[in-house]
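Here is what each chain is made of, one letter per residue.
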Amino acid sequence: MERQIVMDSSSSSDLVREMMEVIETVGSYAGFRVTQRKECLNLVRRLKLLVPLLEEIMELDYSVSGLGLNSLLNLKKALLGAKKLLKTCNYGSKIYLAMESEAVMCRFHAVYHKVNHALDDIPFDKLGVSIEVKEQVELMRMQLKRAKRRTDTQDMELAMDMMVIFSKKDERNADIAILERLANKLELHTIAELKAEKTAIAKLVKQRGGYNETMHQIVDLLGKFKQIAGIDETVSLDGPISTRTPQTCQSPLVPHEFLCPITLEIMTDPVIVATGQTYERDSIRKWLNSNHRTCPKTGQTLENLSLAPNFALRNLILQWCEKNNLELPKKDSYASSVNYSAEIMEEISSLVLNLSSSQPNVRRDAIVKIRMLSKENPENRIFIANDGGIPRLVQLLSYPDSNIQEHTVTALLNLSIDETNKRLIAREGAIPAIIEILQNGTDEARENSAAAFFSLSMLDENKVLVGNFNGIPPLVALLKNGTMRGKKDAATALFNLSLNQANKSRAIKAGIIPPLLHLLDDKNLGMIDEALSILLLLASHPEGQNEIGRLSFIETLVEIIRNGTPKNKECAVSVLLELGLNNSSLILAALQFGVYEPLREISISGTNRAQRKANSLLQHMSKCEHIP
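Residues numbered from 1 in each chain as written. Predicted model: local features only at pLDDT ≥ 70, side-chain atom pairs only at ≥ 80, totals over all residues. Heavy atoms only, no water.

Brief notes about the overall build of the protein
For the protein, the helix and strand inventory stands at 34 helices and 5 strands. Sequence-distant contacts, at least 24 apart, represent 70% of the contacts inside the protein between residues at least 6 apart. Of the roughly 29,400 Å² of accessible surface on the protein, 50% is carried by carbon and sulfur atoms. (Helix = DSSP H or I, 4+ residues; strand = E, 2+ residues; numbered from the N terminus. Contact = heavy atoms within 4.5 Å. Areas by Shrake-Rupley, 256 points an atom, 1.4 Å probe, with all protein chains shown as cover.)

So, in structure tokens, the structure goes:
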């Protein structure tokens, strides 16, 4: 006989009251990051639909037991998960949330599933819930079920701008206009916003257990945003994040050389690595144990992994602390995180072994679970790679089961978010197999294959590999004939790949121009900015200039310059300038189509970048034809 869990009416009321407090708390959040704001507001709105249900349950004058209590406990757990996610999106680093937007979106859908699952089990009739409230809850459940993964495609402008800024070899990575646009997009342009972002990044570093390559990128970008805002302070996070000093002491500024670049705190056991940089011993060990072989601060490859005690620096730190009446901080206890990591690592090791199981069901379950774990957090992606999961997954890309292929390519997409994994995935020979799925897989598999190429091609060597293995044509085919999401994913991948000169030629030969022009004509697709961004890259290539430079296209550009959105106009002016610098007759054609007046207007009231481009174009026009 099933054991019944019984809770008296006062206790059940307390449980319901706690859930209502959770909903009230998330409803008070007012700083959701722009990259997740719409999803956050939708989730809060949906959670508020539960309030009438909870109010009716609280009015019960009898105990709740059995399935009713279990369902309420599950609902509370789901609501706490929602609160944690919404809190992250309200107080977390704006830059990091933008970089991890896809992973965060997956967390939203995990919350949707948990809330819906809990509501499935609530015995509405036994609890005496009214028909009106039951209908309201059913409405919420329908909304959650319709919230399919990636319903709202990512912000292409934001994704492309961040990609350019983080590209070490793209000469535009210091473009002040791109930085200004990013700062505005992420709402990081006031002193208060920038200070809050610095604090959020510092907390993130501690949560992640140290400083890694992603954190380097985030801190560098924050520094550029501060320069734009006119703040001279250098953002290296080398200042004390938490002083931990006695209350009676006015906290002196800790010399930055005393702070570990990873933990951002004063060092108690400083050691020197092969590059000559000094770190806290525990912190650099964690870095090296996470399969990194570079110096976190300089990015240089370490010739060896030896750690030499820096006695001289330790003595200086002790002298400074004594002089300033400070005690060296005690190290935090990582026991809980270590235990958690050990459990996850054990689970992942078992799942990786099951990828090679002779039992189809065991193998399939392992792939699905790894797919889920790989999208949850950066640590899981590192654990899976360290346990040898990538080679086994790459082998399964060629497994003759479309469902297995779909889960596998998606797992690799999630794993590729990690910088090191990008190289491992390509090195294991995944690119040809992903191309095969891109050509013949299910719709979702093709979409995620394109997204995987976008992620993998963040590395220049992978751009070359995708091009050499003939991955451009199937991406062009997806851009032409894919679903809406497929077109979006293909566009992001093709933009990234077309930063490579050889791939520009391949894309043009594969017939990319016609579908791009179609995207400009079909306003319902909402992909004008994406199409123009790719066309701008192709316009710098001789073959692209010949293909694009037609009168019909020039007329389309002029129409966008006249009636498009500010971003549309900016992109269109940039394309026309690029074309006109190589072919003056196209400038004259644009003048005949009436571009001059809207161009003058943009030069005065357009975006910063649009104004610069418009002024350059007007100057070039004056050379082509005298304009009074």
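Some details on the pattern of salt bridges
Scanning the entire structure with this criterion turns up 19 salt bridges. With its nearest N and O atoms 2.7 Å apart, the salt bridge here joins arginine 281 to aspartate 269. Here arginine 281 is found in helix H13 (residues 281-289), whereas its partner aspartate 269 is found in the loop between helix H12 (213-228) and strand E3 (270-272), with 12 residues between them in sequence. Using a relative accessible area of 24% as the deciding quantity, one classes aspartate 269 as partly exposed. Linking arginine 562 and glutamate 559 is a salt bridge whose minimum nitrogen-to-oxygen distance equals 3.3 Å. One end of the pair is arginine 562 and the other is glutamate 559, both in helix H30 (residues 551-563) and 3 residues apart, which spans about a single turn. Looking at arginine 562, the relative accessible area reads 33%, which means it is partly exposed. One connected set of salt bridges, linked through shared partners, spans Asp120, Glu138 and Arg141. (Salt bridge = Lys/Arg side-chain N within 4 Å of Asp/Glu carboxyl O. Buried < 20%, exposed > 50% of the residue type's maximum accessible area, 1.4 Å probe, protein only.)

Some remarks on helix H23 (residues 460-468)
Listed in full, the buried residues belonging to H23 are Asn462, Lys463, Val466 and Gly467. Seen end-on, H23 carries its buried residues on one side only, within an arc spanning 140°. Tucked inside the fold, the buried residues of H23 contact helix H20 (419-427), helix H21 (430-440), helix H22 (443-456), helix H24 (472-481), helix H25 (484-497) and helix H26 (501-509). (Arc of directions from axis to C-beta.)

Here's the deal with the packing of aromatic side chains
Given two aromatic rings, their pairing is described by the distance between the two centres and the angle made by the two planes. In total, this model carries 4 aromatic pairs according to the counting rule given. Arranged with centres 6.2 Å apart and planes meeting at 85°, the rings of tyrosine 29 and phenylalanine 32 form a pair that is edge-to-face. Summarising the burial analysis for this pair, tyrosine 29 and phenylalanine 32 share the class buried. Taking 6.5 Å as the distance between ring centres and 45° as the angle between the ring planes, the aromatic pair formed by phenylalanine 108 and tyrosine 112 counts as tilted. You can see phenylalanine 108 and its partner tyrosine 112 sitting in helix H6 (residues 101-120), 4 residues apart, about one turn around the helix. Residue phenylalanine 108 shares its accessibility class with tyrosine 112, and that shared class is buried. Aromatic rings pair up to connect Tyr29, Phe32 and Tyr91 into one cluster. Taking NZ or CZ as reference, arginine 46 lies 5.5 Å from the ring centre of tyrosine 112, over its face. (Phe/Tyr/Trp six-rings, centres within 6.5 Å; stacked < 30°, edge-to-face > 60°. Lys NZ or Arg CZ within 6 Å of the ring centre and 35° of its normal.)

Remarks on the packing of helix H31 (residues 566-582) against helix H32 (residues 584-592)
Packing of H31 against H32 brings their axes to within 5 Å, and their N-to-C directions diverge by 130°. In terms of orientation, H31 lies oblique with respect to H32. Touching Leu576, Leu579, Gly580 and Asn582 of H31 are Ser584, Leu586, Ile587 and Ala590, all from H32. Broken down by class, the residue content of the contact of H31 with H32 amounts to 5 nonpolar, 3 polar and no charged. (Axes fitted to C-alpha atoms, helices over the stretch in contact; angles between N-to-C directions. Parallel < 35°, antiparallel > 145°, perpendicular 65-115°, else oblique. Nonpolar A, V, L, I, M, F, W, Y, C, P; charged D, E, K, R; others polar.)

Looking at unusual backbone geometry
Not every positive phi belongs to a glycine, and glutamate 187 is a case in point at roughly 60°. For glutamate 187, the position within the fold is in the loop between helix H10 (176-185) and helix H11 (191-207). A relative accessible area of 25% places glutamate 187 in the partly exposed class.

Side note on the sheet that holds E3
The strand order E4-E3-E5 describes an open sheet built from 3 strands, whose pairing is antiparallel. Here the strands that pair on one side only, and so sit at the sheet edges, are strand E4 (278-280) and strand E5 (308-309). (Pairing = 2+ DSSP bridges.)

Brief notes about the nonpolar core
Ranked by size, the top nonpolar core spans 94 residues in total, and within it Phe453, Ile512 and Leu532 carry the most contacts. At 8 residues, helix H28 (residues 528-538) tops the list of elements feeding residues into this core. In contact with phenylalanine 453, other than residues within four places in its own chain, are Ile431, Ile434, Ile435, Leu438, Val466, Leu475 and Ala493. (Core = buried A, V, L, I, M, F, W, Y, C linked by side-chain atoms within 4.5 Å.)

Description of the side chain of asparagine 116
Here asparagine 116 shows up in helix H6. Residue asparagine 116 is classed as buried on the basis of its relative accessible area of 8%. At 3.2 Å, the side chain of asparagine 116 and the side chain of arginine 141 are in polar contact. The contacts of asparagine 116, once residues within four sequence positions are left out, are Arg141, Leu144 and Lys145. (Polar contact = N/O pair within 3.5 Å; in protein donor to acceptor, adjacent residues only side chain to side chain.)

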